[in-house]
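Each chain, letter by letter, is given below.
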Amino acid sequence: MASINIIGAMRTPSCSSSMSTLPKPNVVVNGNGNVNVNGFAFASSSLSGDKVVDKTTSFLRTSTSQVRRTPIVVSPKAVSDSQNSQTCLDPEASKSVLGIILGGGAGTRLYPLTKKRAKPAVPLGANYRLIDIPVSNCLNSNISKIYVLTQFNSASLNRHLSRAYASNMGGYKNEGFVEVLAAQQSPENPNWFQGTADAVRQYLWLFEEHNVLEYLILAGDHLYRMDYEKFIQAHRETDADITVAALPMDEARATAFGLMKIDEEGRIIEFAEKPKGEQLKAMKVDTTILGLDDERAKEMPYIASMGIYVISKDVMLNLLRDTFPGANDFGSEVIPGATAEGLRVQAYLYDGYWEDIGTIEAFYNANLEGAIIEDTLLMGADYYETDADRKFLAAKGSVAIGIGKNTHIKRAIIDKNARIGDNVKIINSDNVQEAARETDGYFIKSGIVTIIKDALIPSGTVI
């Protein structure tokens, strides 16, 4: 079930245990793809765009040829996104990382939802937008300086961000912001964004003003929950130039993704775009290197790029300006090119729920979680249930507000606050015209099933 909630306040400590133990504003995505958006009491600073200034320490490296910083921990492995691992970034992410969310192009795969809005502004769960997923992940990861790059129909995106993140997020000495940067023409560059790398290149003049160590490059149309602090920590521990978030894959799904091959230290050595046959088999890797156990590693012998990157600041400036000044795309040009140039490009395993919702089908499935709803009126809910509430209900065998997975509803009215379990069928297959089943939570009139307000329909029920 998908429920949308608003609670909480942004956390600020630099050292923390897993995100699941913190008070948080967050998008919660569980293993079934369920979504909870817990709290957006944040917004852009009136001084958005201000850079961090530290008079005692400079975090910048001027070129890749200079002596590297000393890594905190020398580790041969990229680290899985464990719920138990500790993170303690120094300098902390709020001061040393700039988030850059790529809003995508015209959103043709999501058309007509993108006819009058940018892709990141497409609604998700009623009051929220796709952009809230990476923004919420950033805030939960103590990253409070965030730019969103977009090219088309950005009015509603601007309006949403200004309303959702309209106040100072970081305090007097640590200003936070969420700011939209639209494509623009200039005397130096008369073209619109030509791709992900080109979009970032066109705003390098702004990004380099921020005194940070790394840029965190994110996509604006993915559904997942991730602690970016762990991602960044792995980048620093391995002394990487670029770290690529990777999903473990089985053979059935692997052919639909860009795959990567790694060495025994988790360093990326080869890329293949949607390989098949012998080329696919050649991309098998030992995913225990990235933290999977032996059993899972046998099931998932491939790793696919999530299109999410941590890139050291000076490395990105050099790559986009000097090494690949004509490259338009990170995934197909810049990242493989950096590997060929001998830069240290590491893989970081994310072994959790993730879905690209950049297509109509994926967007539909992510919102309905496999449910089929036909000719039905949904009247919503008067209140929300937190993730803790839902877990408590599940533990005692009850059902959370909403519609469960793999449920089929046809020609019905679902009144407010209804709790409909998994694998329920409300289809009136016997074509009953009149029935009063108030104690069971429903009536049938003129062949239309009405689920009563506050009713509970247990999993597996057939009406």
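The structure displayed is predicted, hence computed values, not measured ones. Here the residue numbering is sequential within each chain, running from 1 through the sequence in written order. In view of the model being predicted, local features appear only for residues whose pLDDT reaches at least 70, and side-chain atom pairs are presented and counted only at 80 or more, with totals across whole chains, interfaces and linings using the full set of residues. In computing side-chain properties, one takes all heavy atoms of the structure into account and sets aside hydrogens as well as water.

**Brief notes about the overall build of the chain**
Part 1: Check the secondary structure of the chain and you find 13 helices and 26 strands.
Part 2: We call two residues in contact when some of their heavy atoms are within 4.5 Å. Nonlocal contacts in the chain, meaning residues at least 24 apart in sequence, comprise 73% of its contacts between residues at least 6 apart.
Part 3: Carbon and sulfur atoms make up 50% of the accessible area of the chain, which totals about 20300 Å². Helix numbers and strand numbers start at the N terminus; a helix is a DSSP run of H or I with at least 4 residues, a strand a run of E with at least 2. Under the convention used here, a 1.4 Å probe and the Shrake-Rupley method define accessible areas, while residue burial counts only the protein chains that appear.

**Some points on the packing of aromatic side chains**
Part 1: Note on aromatic pairs: the rings of Phe, Tyr and Trp (six-membered ring only in Trp) are paired at centre separations within 6.5 Å, and the planes decide the class, stacked below 30 degrees, edge-to-face beyond 60, tilted for the rest. Across all of its chains, the model carries 10 aromatic pairs by this definition.
Part 2: Ring geometry for Tyr-147 and Phe-177: centres 4.9 Å apart, planes at 55°, overall tilted. Of the two residues, Tyr-147 is situated in strand β8 (residues 145-150) and Phe-177 in strand β9 (residues 177-182); the sequence distance between them amounts to 30 residues. Comparing Tyr-147 with Phe-177 shows no difference in burial state: the two are buried. The buried label goes to any residue with under 20% of its type's maximum accessible area, the exposed label to any with over 50%, and the partly exposed label to all in between, with areas taken from a 1.4 Å probe on protein chains only.

**Thoughts on the nonpolar core**
Part 1: Ranked by internal contacts, the top residues of the largest apolar core, which has 55 residues, are Leu-216, Tyr-224, Met-226, Tyr-228, Phe-231 and Met-306.
Part 2: It is strand β15 (residues 302-312) that contributes the most residues to this core, five residues altogether.
Part 3: Those residues in contact with Leu-216, other than ones at most four positions away along the chain, are Val-97, Leu-98, Gly-99, Ile-100, Cys-138, Ile-143, Tyr-228, Phe-231, Tyr-309 and Val-310.
Part 4: Here, nonpolar core means buried Ala, Val, Leu, Ile, Met, Phe, Trp, Tyr and Cys residues that are tied together by side-chain atoms lying within 4.5 Å of each other. If you look at the next biggest cluster of nonpolar residues, it comprises 49 residues, including Phe-177, Ile-217, Ala-246 and Ile-268.

**Let's talk about unusual backbone geometry**
Across residues other than glycine, the phi torsion is negative in most instances, and most of the peptide bonds are trans.
Part 1: For the bond from Asp-90 to Pro-91, the omega torsion is 0°, close enough to zero to count as cis.
Part 2: You can see Pro-91 is positioned in the loop between β4 (87-88) and α1 (93-96).
Part 3: Of note in this structure, Asn-431 is not a glycine but carries a positive phi near 55°.

**Things to note about the confidence of the model for the chain**
Part 1: On a range of 0 to 100, pLDDT expresses the predictor's confidence in each residue. For the chain, the mean per-residue pLDDT works out to 78, and 76% of the residues sit at or above 70.
Part 2: Scored below 50 in pLDDT, residues 1-14 makes 81 contacts in the model with residues more than four places away or belonging to other chains.
Part 3: Across residues 16-84, where pLDDT falls below 50, the model places 217 contacts with residues more than four positions away in sequence or in other chains.

**A short note on the environment of Gly-404**
Part 1: Looking at the element boundaries, Gly-404 is found in the loop between β19 (402-403) and β20 (408-414).
Part 2: Sequence-wise, Gly-404 and Asp-422 are 18 residues apart; in three dimensions their C-alpha atoms are separated by 4.2 Å.

**Thoughts on the sheet that holds β19**
Part 1: In short, DSSP must find at least two bridges between two strands for them to pair. Strand order in the open sheet made by the three strands is β19-β21-β26, with parallel pairing throughout. Two strands in the sheet have a free side with no partner beyond their single neighbour: β19 and β26 (456-457).
Part 2: Sheet analysis places β19 next to strand β21 (residues 419-420), joined by two bridges and oriented parallel. If you follow Gly-402 over to β21, its bridge partner there is Arg-419.

**Some thoughts on the pairing of strand β23 (residues 434-437)**
Note on strand geometry: in a regular strand, side chains alternate between the two faces of the sheet.
Part 1: For β23 and strand β24 (residues 442-445), the ladder comprises four bridges, and the chain directions are antiparallel. Its bridge partner lying in β24, Arg-437 is registered against Tyr-442.
Part 2: Linkage of β23 to β24, two consecutive antiparallel strands, is achieved through a turn of four residues, within which Gly-441 is found at a positive phi near 100°.

**Describing the pattern of salt bridges**
Part 1: Counted as salt bridges are all cases of a side-chain nitrogen of Lys or Arg within 4 Å of a carboxyl oxygen of Asp or Glu. With the rule as written, the count across this model stands at eight salt bridges.
Part 2: The salt bridge involving Asp-351 is made with Arg-296; its shortest N-O contact spans 2.4 Å. Separated by 55 residues along the polypeptide, Asp-351 in the loop between β16 (345-349) and β17 (354-356) and Arg-296 in helix α9 (residues 294-299) bring together distant segments of the chain.
Part 3: With relative accessibility at 34%, the residue Asp-351 sits in the partly exposed group.
Part 4: Residue Arg-296 is classed as partly exposed on the basis of its relative accessible area, which comes to 25%.
Part 5: Notably, a salt bridge pairs Asp-382 with Lys-453, separated by 3.6 Å at the nearest N-O pair. With Asp-382 in the loop between β18 (372-378) and α13 (387-395) and Lys-453 in the loop between β25 (448-451) and β26, the pair connects residues that are 71 residues apart, well separated along the chain.
Part 6: Taking relative accessible area as the criterion, Asp-382 reaches 43% and is therefore assigned partly exposed.
Part 7: Several salt bridges share partner residues, and in doing so they unite Asp-382, Lys-416 and Lys-453 into one network.

**Considerations on helix α6 (residues 228-237)**
Part 1: For α6, the tally of buried residues reaches 10 of 10 residues, placing the bulk of the element in the interior.
Part 2: Residues of α6 that are buried include every one of Tyr-228, Glu-229, Lys-230, Phe-231, Ile-232, Gln-233, Ala-234, His-235, Arg-236 and Glu-237, and no others.
Part 3: Note on α6: the residue one or two positions beyond its end, Asp-239, has a positive phi of about 55°.

**Considerations on the environment of Pro-301**
Part 1: Mapped onto the fold, Pro-301 is located in the loop between α9 and β15.
Part 2: As a C-alpha pair, Pro-301 and Thr-288 span 13 residues in sequence and 9.2 Å in three-dimensional space.
Part 3: Setting aside anything within four residues of it in sequence, one finds Pro-301 in contact with Met-249, Asp-250, Met-283, Lys-284, Val-285 and Thr-287.

**Quick look at the packing of helix α10 (residues 313-323) against helix α11 (residues 330-340)**
Part 1: Only the stretch in contact is used when fitting a helix axis, every axis being a line fitted to C-alpha atoms; angles between N-to-C directions are given from 0 to 180 degrees. The N-to-C vectors of α10 and α11 enclose an angle of 110°; their axes lie 11 Å apart at closest approach. Viewed along their axes, α10 and α11 adopt a mutual orientation that is roughly perpendicular. The hand of the α10/α11 crossing is right-handed. Counted together, Met-316, Leu-319 and Leu-320 of α10 and Phe-330, Val-334 and Ala-338 of α11 form the full contact between these two elements. Every angle not falling under 35 degrees, over 145, or within 65 to 115 is termed oblique; those three ranges are roughly parallel, roughly antiparallel and roughly perpendicular. Less than a right angle of anticlockwise turn of the near helix away from the far helix marks a crossing as left-handed, whereas a clockwise turn marks it as right-handed.

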